[in-house]
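Inside the fold
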Amino acid sequence: MDTLKVRDAKDVEEVVRAAVASEQPLEVIGHGSKRAIGHPMPTNALLDVSALNAVTSYEPNELIITVQVGAPLADVQSLIDAKNQQFAFEPMDISVLLGTAGAGTIGGMIGAGLAGPRRIKAGGIRDHLLGAHAVSGFGDSFKTGGRVVKNVTGYDLCKLLTGSWGTLAVMTEVTLKVMPKPEAERTLVLRGLDDITANKAMTAALGSPFDVSGAAHLPGSALRSAGGALAGLASGQPVTLVRLEGISASAAHRAASLSQTLSSFGGVDSLADDASAAMGSALRDVVPFAANGALGAWPVWRIVCPPASGGALGQALSRATGGDVVYDWGGGLIWAAVPPGADAQAMLVRGQVEAIGGHATLIRATEDVRRAVDVFQPQAAGLAALGERVRASFDPRSVLNRGRMMRGGAA
């Protein structure tokens, strides 16, 4: 396979134009940490942007950072952490699930659009992407957004790039909003709740005035092989976790008040600061289903659904598939590991998810399975047609990541 390693945006333009002229589709990669997500692509040419790895500008006082898309995510996080700042959307380290090396690049983070537990409070990646420079499927450079938080520049095209998996354009540089890290955090722990009751407890916490920044539930079966911060959390018992963050006095006071609110569901324990942060990281990266764990060979689905329906859906999926689930976002996000099979039980999973208005993405599966089933949620005809028109306006010859998001299709 030919690897075309670009040095700047001009190189990207030339590579894309050559691909259009030769009708040769390109697979766009940074560090390749997420290549196993999506349909296998019909190409023998890689457009490698990993050399675009500079931090162009970082203004801690203005809470913005401009960085090239090939910059390692871990390095950028270390840089802003030194100023006691963070990406508030908690970017997920997908390498834990996929068994790949490293957390990937800034471009991969934006292209995948996978946010962590704090999304329920801070929003997703698209809410923190202020601007971008990119090269379209025509081979033309364009700029969208800007370098200020309050930005009005016409069409906010950078929102479209988030979660597009490289099918619209090749990003070269992005500007992101950063936020101060909380001074303290507390995670409340409730034990022994079934999925439905835990769903009600998380809903009560999120509906309270105590500014919750994370709400998750792990059934006892999901903890059987969990390591790291989750190991020994509960001996086979389900665990419900609710996180609060802020200045020390506020976090402690709100945790105490919320503990009283949740006391009707059972006893409430508390984890502070480092222990709480370790728990949040384990949930963000779905450690119970880690590639090096007992369920590492099982396909994993990422399901987004109405939060109030999450508990019932998760229970139904566990019974029907014989798999395990982990709940996040107060029940609105379900990670489901199912026993291996030729289709990763796609019809069963999607049938139950669609019945309540949710959607499911197959995050981890073998290449054969990803060839056989739709990895991303199939869309209704009208919505699919609209999406294809948008994609074609950026990349009419479908040279960028052709076939990654739609089996047998261009998008």
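Scroll up to find the structure.
Residues numbered from 1 in each chain as written. Predicted model: local features only at pLDDT ≥ 70, side-chain atom pairs only at ≥ 80, totals over all residues. Heavy atoms only, no water.

**Quick notes on the sheet that holds strand E3 (residues 45-48)**
What counts is decided by this rule: Two strands make a pair as long as DSSP finds a minimum of two bridges between them. Secondary structure counts use DSSP, requiring at least four H or I residues in a row for a helix and at least two E residues in a row for a strand, with both numbered from the N terminus. Note on definitions: angles span 0 to 180 degrees between N-to-C directions of axes, and those axes are lines fitted to C-alpha atoms, for helices only across the stretch in contact.
Judged by pairing direction, the sheet is parallel, and its 3 strands sit side by side in the order E1-E3-E2 without closing on themselves. Single-partner strands in this sheet number two, and they are strand E1 (2-5) and strand E2 (27-29). In this sheet, neighbouring strand axes are inclined to one another by 25° on average, regardless of whether the strands run parallel or antiparallel. Examined bridge by bridge, E1 and E3 share 4 bridges and lie parallel to one another. Each residue of the ladder has a partner; that of Thr-3, found in E3, is Leu-46.

**Overview of the pairing of E3**
Filter applied, for reference: Burial classes: relative accessible area under 20% of the type maximum marks a residue as buried, over 50% as exposed, and values in between as partly exposed (1.4 Å probe, protein chains only).
Because side chains alternate across E3, one face comprises the buried residues Ala-45 and Leu-47, and the other comprises Leu-46 and Asp-48, equally buried. Relative to E3, E2 runs parallel, the two sharing 3 bridges. Within E3, the position partnered with Val-28 by the bridge is Leu-47.

**Some details on helix H9 (residues 273-284)**
Inclusion rule: By this rule, a helix spans an expected 1.5 Å times one less than how many residues it contains. Any two residues whose heavy atoms approach within 4.5 Å at even a single point are treated as in contact.
In this model, H9 (12 residues) spans 16 Å end to end at C-alpha, consistent with the 16 Å of a helix rising 1.5 Å per residue. Along H9, the residues that are buried comprise Ser-276, Met-279, Gly-280, Ala-282, Leu-283 and Arg-284. If you follow the buried residues of H9, they end up packed against strand E11 (184-191), strand E12 (212-218), strand E13 (239-246), strand E14 (268-272) and strand E16 (324-328).

**Digging into the pairing of E11**
Of all the 8 residues making up E11, 7 are buried; the element is thus mostly covered by neighbouring parts of the structure. Sheet topology note: the E11/E13 ladder contains 8 bridges and is antiparallel. By the bridge assignment, Ala-184 is partnered in E13 with Gly-246. As paired strands, E11 and E14 are joined by 5 bridges and run antiparallel to one another. Residue pairing in the sheet places Arg-186 in a bridge with Ala-272 of E14.

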